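Spelled out from the first residue to the last, the chains are:
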Amino acid sequence: MRLRNITGSREIIRESIFVIHEPEKHKGNWQDIFGNTNPIHIEIGMGKGRFLMDMARMYPSVNYIGIEKYSSVLLRAIQKMEREEQPLCNVRFIRMDAEMIGNVFGMEEVDRIYLNFSDPWPKDRHAKRRLPSREFLARYDKVLKKEGLLEFKTDNKDLFLFALEELEPAGWKAEKISYDLHHDKDLMKDNVMTEYEEKFSSIGNPIYKYVIRR
């Protein structure tokens, strides 16, 4: 369960140098935030930031932007950043709902998108809220470069099957699909785990993953 209410979290976020405030003002000009022309990768629903920060250490020539809806969860990521001995200059955070992605990124401004262990929204009436739904794929289509990739990982089989069914009607196609990521030698070569992935895989749950493009 996500933590949603921590006293003072919004104030800390407002004062953090790692958080981009009023992100819509940077639409189409995110390279200026980092002071370089490196590729931009975003994680939507980044949680406590482990995956994003590990990726940033491994690939310092890539700029990473983490998007998180809940203030108390984003607070945990900020605290992780503050504990870093060497600041990760290629990481920034945004607190916002994923539905707003088109308001803060310009056309084809993003090189890669990561969706990790997204909320499954199990009720049928909430299908449009699922991050790998065709509605969200249409949003990603506008901000992702034509040759860009989207990577999705989950331990929820129903959500994964739903995500696969959404590809064709949304005009996307799968480059790679795994129904048991941790036993897939190809996809595990460069795999970076999230907090949830480590937790679920440690108790034997298979991890599902796809890599897709238009």
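Refer to the preceding data block for the structure.
Novice: Kindly report on the sheet that holds strand 4 (residues 110-116), identifying the contributing residues and their values.
Specialist: Taken together, 7 strands build an open sheet; the order of strands is 3-2-1-4-5-7-6 and the sheet is mixed. The open sheet is flanked by strand 3 (91-95) and strand 6 (173-178), the only strands paired with a single partner. Neighbour to neighbour, the strand axes of the sheet diverge by 20° on average, direction disregarded. Pairing geometry for strand 1 (residues 40-44) and strand 2 (residues 63-68), over 5 bridges, is parallel. Of the residues in strand 2, the one forming a bridge with Ile 44 is Ile 67. The sheet strands contacting helix 7 (residues 157-170) are strand 5 (144-154), strand 6 and strand 7 (208-213), and the helix crosses strand 7 at an angle near 15°.

Novice: Describe in detail the environment of Lys 145, supporting the description with residues and values.
Specialist: Positionally, Lys 145 belongs in strand 5. Of the residues examined, Lys 145 reaches a relative accessible area of 25% and is grouped as partly exposed. Between the alpha carbons of Lys 145 and Val 110 there is a distance of 5.9 Å; along the sequence they are 35 residues apart. Residues in contact with Lys 145, not counting those within four places in the same chain, are Glu 108, Glu 109, Val 110, Asp 111 and Arg 214. Reaching out from Lys 145, the side chain makes a polar contact with the side chain of Asp 111 at a distance of 3.2 Å.

Novice: Account for the nonpolar core, naming residues and giving values.
Specialist: Residues Ile 42, Ile 44, Phe 105, Ile 113, Tyr 140, Leu 150 and Tyr 210 are the most contacted members of the largest nonpolar core, which totals 36 residues. Looking at this core, the element that brings in the most residues is helix 7, giving 6 residues. In contact with Phe 105, not counting residues within four places along its chain, are Lys 27, Trp 30, Ile 42, Ile 65, Ile 67, Ile 94, Val 110 and Val 143. If you look at the next biggest cluster of nonpolar residues, it comprises 20 residues, including Met 53, Leu 74, Val 91 and Tyr 114.

Novice: Please set out the pairing of strand 5 residue by residue, giving values where relevant.
Specialist: Most of strand 5 sits inside the fold, with 8 of its 11 residues counted as buried. Pairing analysis gives 6 bridges linking strand 4 to strand 5, with the strands arranged parallel. Each bridged residue has a counterpart across the sheet, and for Val 110 the counterpart in strand 5 is Leu 144. The parallel pair strand 4 and strand 5, bridged by helix 6 (residues 134-143), forms a crossover whose chirality is right-handed. Relative to strand 7, strand 5 runs antiparallel, the two sharing 5 bridges. By the bridge assignment for strand 7, Leu 150 is matched with Ile 212.

Novice: How would you explain the environment of Arg 92 if you had to name every residue and give the values?
Specialist: You can see Arg 92 is positioned in strand 3. Arg 92 sits in the buried class, given a relative accessible area of 18%. Sequence spacing of Arg 92 and Ile 33 is 59 residues, and the spatial spacing of their C-alpha atoms is 8.9 Å. Ignoring sequence-local partners within four residues, the contact set of Arg 92 consists of Ile 17, Phe 18, Ile 20, Ile 33, Phe 34, Leu 52, Tyr 64, Ile 65 and Gly 66.

Calculation criteria
- Residues numbered from 1 in each chain as written.
- Predicted model: local features only at pLDDT ≥ 70, side-chain atom pairs only at ≥ 80, totals over all residues.
- Heavy atoms only, no water.
- Pairing = 2+ DSSP bridges.
- Helix = DSSP H or I, 4+ residues; strand = E, 2+ residues; numbered from the N terminus.
- Axes fitted to C-alpha atoms, helices over the stretch in contact; angles between N-to-C directions.
- Contact = heavy atoms within 4.5 Å.
- Buried < 20%, exposed > 50% of the residue type's maximum accessible area, 1.4 Å probe, protein only.
- Polar contact = N/O pair within 3.5 Å; in protein donor to acceptor, adjacent residues only side chain to side chain.
- Core = buried A, V, L, I, M, F, W, Y, C linked by side-chain atoms within 4.5 Å.
- Right-handed = clockwise from strand over helix to strand, strands pointing away.

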